[in-house]
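Inside the fold
Residues per chain, in single letters:
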Amino acid sequence: MIRRVVSASTIGTALEWYDFMLYGTAAALVFGKVFFPEGDPLAATLASLGTFAVGFFARPIGGMLFGHLGDRYGRRFVLVVTLTVMAVSSTAIGLIPDYGSIGVAAPVLLVLLRITQGLGAGAEYAGGALMAAEHAPPGRRGLFAAIPPTGNALGVILATLVFTPFTWLAQDAFLGWGWRVPFLVSILILPVGLYIRSRVDETPAFTETVKTGDRSSAPLVAVLREAPGSLLKGFLVSVGPNVATYIPSVYALSYVTDNVGLAAAVATGGLLVANTIKLVTLPLCGALSDRFGRKPVFIAGAVLCAVAAFPFFWLLDTGNVLLVWLAMLLVLTFANDLMLGSQASMLPEQFPTRMRFTGVAASRELAAAAAGGTLPFIAAFLTARTQGTWAISALMVVMCAVAVAGALGVREGRNVPFGGGGEEPDGGSPAALTDVAPTERGR
């Protein structure tokens, strides 16, 4: 069953992140030219990246909404719904007429569909990792929880493989119809994801809470009342992976084309290489967190990201294809995976079962809205205003320091059993202990 759960979570996550990351690529390369009026290229780029950020502002809402449903009605139910929402939204984006055809209605429709995407993505990562973590055998939770996030890499690989050939078209053909095809493919892969996810059993931890009648009627209220510290520290921890993900995978796409003068295929090729290696490094980092603890592995990744913040752009500025790819590997793969691989099990270990989905999704997606979606926009703005990249590199260092501070404060939970919620979130407050089995309270 654990193999089936991990496979379903990973494949489903790959399909959803195909949709979500496809938007990021198109926002950097296409939308500024297609959905916004001609004029200042910088203004169009900023507007396009702004629509990318809108999806992130919707993600906390989706995380809390679907987190509530996941804690009330089950993890599997939510993952089927979010998959459908993402696929339908992405297909519709591929059908929006351009600005020249319908005027301001084009960007309005784009924003609305991006919001819908964000609602679905807000629960996907939390749900996939949570399903694997709650099914995992003792002592291997880090490994199994880190496998579904490889679906993010698979989704990016799939999006890159589908999108890149269309970038080789003539500019008019690419902007006219070529970019739309990858979005329309989303509807074709939806039945595959639905079939896979419908065959997964509910997690033992959630099933136990149903049997014992411990489900919370208002999981978000329970998180705010009983585990506010865990929510805050989960938020801080989640800042780091957002930095190491969206600077190299979104902003770098427009930077190497607009500022360095390289072909778009160079950047997308770098994403393909970096995400292929992730298929190995993410589970490896999860296994390392089982061996050495979640906190040391995570902090190592955050420190590496901070150290690489300035060299990342120096390597991009060389214009050398191999050095550009090395920059992406350094931040997007090695630094990021040390954080993501340990975070996948770290966050679920901070909350009891009856509020776990909500707690994980809220902490992670609030950070995604604050730090992830805005970063490409802020990076483009800072680069234009400072005539260089030193400001965005410095900001990356500060945000990584914030993530380290959060990691130092979380509880090390690799030896804490899940069961029906055998843990003491937020410092073991009396309210939190209601979810702890008697045998665990005595330990």
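Keep in mind the model is a prediction, meaning the values are calculated, not measured.

1. Regarding the overall build of the protein
Each helix and strand in the protein was counted, giving 22 helices and zero strands. Taking 22 Å as the expected radius of gyration for a compact globule of 443 residues, we find that the protein reaches 21 Å, a close match to that expectation. For the protein, the C-alpha atoms occupy an extent of roughly 65 × 40 × 35 Å along the three principal directions. Looking at the protein as a whole, 61% of its 443 residues qualify as buried. A separation threshold of at least 6 residues defines the contact pool for the protein, and within that pool the share at least 24 residues apart is 84%.

2. Side note on the nonpolar core
Core analysis: the largest hydrophobic core is formed by 87 residues, its most contacted members being Val30, Phe31, Phe35, Trp179, Cys305, Phe313 and Leu316. If one sorts the elements of this core by residue count, helix α14 (residues 228–258) sits on top with twelve residues. Aside from chain neighbours lying at most four places away, what touches Cys305 is Val243, Ala244, Val331, Ala335, Met339, Met396 and Cys400.

3. Re the side chain of Thr10
Looking at the element boundaries, Thr10 is found in helix α1 (residues 2–29). With a relative accessible area of 8%, Thr10 lands in the buried category. A polar side-chain atom of Thr10 sits 2.7 Å from the main-chain carbonyl oxygen of Val6. With residues up to four places along the chain from it excluded, the contact list for Thr10 reads Ile147, Pro148, Thr150, Gly151 and Leu154.

4. Some points on the environment of Ser90
Tracing the chain through its elements places Ser90 in helix α4 (residues 75–93). Judged by relative accessible area, which is 0%, Ser90 ranks as buried. Separated by 26 residues in the primary sequence, Ser90 and Thr116 place their C-alpha atoms 9.2 Å from one another. The contact partners of Ser90, leaving out residues within four places of it in the chain, are Asp19, Gln117, Phe183 and Ser186.

5. Let's talk about empty space enclosed by the protein
One pass over the structure, following the stated rule, counts three cavities of 30 Å³ or more. Taken as a whole, the largest cavity holds about 230 Å³ of empty space. Lining the largest cavity are 20 residues, and of these Asn152, Thr245, Tyr246, Asn336 and Leu340 sit closest to its centre. For the lining of the largest cavity, the secondary-structure elements that each account for two or more residues are α1, α8 (150–167), α14, α15 (264–292) and α17 (321–346).

6. Notes on the packing of α8 against helix α9 (residues 171–178)
Contact pair α8 / α9: the axes reach a minimum separation of 9 Å and the direction vectors enclose 135°. Considering their axes alone, α8 and α9 lie oblique with respect to each other. Contact with α8, carried on its side by Phe163, Phe166 and Thr167, involves Phe174, Trp177 and Gly178 of α9 and no other residues of that element.

7. Description of the packing of aromatic side chains
Scanning the model with the defined rule gives 13 aromatic pairs in all. Arranged with centres 5.0 Å apart and planes meeting at 65°, the rings of Tyr23 and Phe31 form a pair that is edge-to-face. Judged on exposure class, the residue Tyr23 and its partner Phe31 are both buried. Judged by centre distance (5.6 Å) and plane angle (80°), the rings of Trp179 and Phe183 are edge-to-face.

8. So, the pattern of salt bridges
Oppositely charged side chains may form a pair once their charged atoms are brought near each other. Applying the stated criterion to the full structure yields ten salt bridges. Here Arg354 ties to Glu226 by a salt bridge, and the two come within 2.6 Å at their closest N and O atoms. Of the two residues, Arg354 sits in helix α18 (residues 353–372) while Glu226 sits in helix α13 (residues 219–226), which places them 128 residues apart along the sequence. Across this residue pair, the class does not change: Arg354 and Glu226 are buried. Ionic pairing is found between Glu349 and Arg294, a salt bridge with its closest N-O pair at 2.7 Å. In this pair, Glu349 is assigned in the loop between α17 and α18 and Arg294 in helix α16 (residues 294–317), connecting sequence segments 55 residues apart. An identical accessibility class is assigned to Glu349 and Arg294; each is buried.

9. Considering unusual backbone geometry
One non-glycine residue, Gln387, adopts positive backbone phi at about 55°. Looking at the element boundaries, Gln387 is found in the loop between α19 (375–386) and α20 (390–409).

10. Some remarks on the side chain of Ser254
In this structure, Ser254 sits in helix α14. In terms of polar contacts, Ser254 uses its side chain to reach the backbone carbonyl oxygen of Tyr251, at 3.0 Å. Sequence-distant contacts of Ser254, that is, excluding residues within four places in its chain, are made with Ala28 and Asn259.

11. Overview of the confidence of the model for the protein
Of the residues in the protein, 92% reach a pLDDT of 70 or more, and the chain-wide mean stands at 85. Highest mean pLDDT in the protein belongs to α16 (96); lowest belongs to helix α22 (residues 438–441) (34). Under a pLDDT of 50 for its full length, residues 420–443 has, in the predicted model, 55 contacts with residues more than four places off or in other chains.

12. What to know about the packing of α14 against α18
Remark: α14 packs on α18, axes separated minimally by 7 Å, with the N-to-C direction vectors making an angle of 45°. Taken together, the axis directions place α14 and α18 in an arrangement best described as oblique. The two elements α14 and α18 cross, and the hand of that crossing is right-handed. For the pair α14 and α18, the contacting residues are Leu231, Gly234, Phe235, Ser238, Val239, Asn242 and Tyr246 in the first and Gly359, Ala362, Ser363, Arg364, Leu366, Ala367, Ala368, Ala370, Ala371 and Gly372 in the second.

13. With respect to the environment of Leu113
If you trace the backbone, Leu113 turns up in helix α6 (residues 105–135). Each C-alpha atom, one on Leu113 and one on Thr51, is 10.0 Å from the other, the two residues being 62 residues apart in sequence. Ignoring sequence-local partners within four residues, the contact set of Leu113 consists of Ser89, Ala92, Ile93 and Ile96.

14. Structural notes on the state of the cysteines
All chains considered together, the criterion is met by zero disulfides. Take Cys285: it sits in no disulfide, and the sulfur closest to it among the cysteines is that of Cys305, at 14 Å. The structure places no disulfide on Cys400, whose sulfur is separated from the nearest cysteine sulfur, that of Cys305, by 3.4 Å.

Thresholds, definitions, all that
- Residues numbered from 1 in each chain as written.
- Predicted model: local features only at pLDDT ≥ 70, side-chain atom pairs only at ≥ 80, totals over all residues.
- Heavy atoms only, no water.
- Helix = DSSP H or I, 4+ residues; strand = E, 2+ residues; numbered from the N terminus.
- Rg over C-alpha atoms; globule rule 2.2 N^0.38 Å.
- Buried < 20%, exposed > 50% of the residue type's maximum accessible area, 1.4 Å probe, protein only.
- Contact = heavy atoms within 4.5 Å.
- Core = buried A, V, L, I, M, F, W, Y, C linked by side-chain atoms within 4.5 Å.
- Polar contact = N/O pair within 3.5 Å; in protein donor to acceptor, adjacent residues only side chain to side chain.
- 1 Å grid on protein atoms, 1.4 Å probe; cavity = no way out; pocket = protein on both sides within 12 Å on 5 of 7 lines; lining within 4 Å.
- Points joined across faces, edges and corners; volume = space filled by probe spheres on them.
- Axes fitted to C-alpha atoms, helices over the stretch in contact; angles between N-to-C directions.
- Parallel < 35°, antiparallel > 145°, perpendicular 65-115°, else oblique.
- Phe/Tyr/Trp six-rings, centres within 6.5 Å; stacked < 30°, edge-to-face > 60°.
- Salt bridge = Lys/Arg side-chain N within 4 Å of Asp/Glu carboxyl O.
- pLDDT = per-residue confidence, 0-100.
- Left-handed = near helix turned anticlockwise from the far one by under 90°.
- Disulfide = S-S within 2.5 Å.

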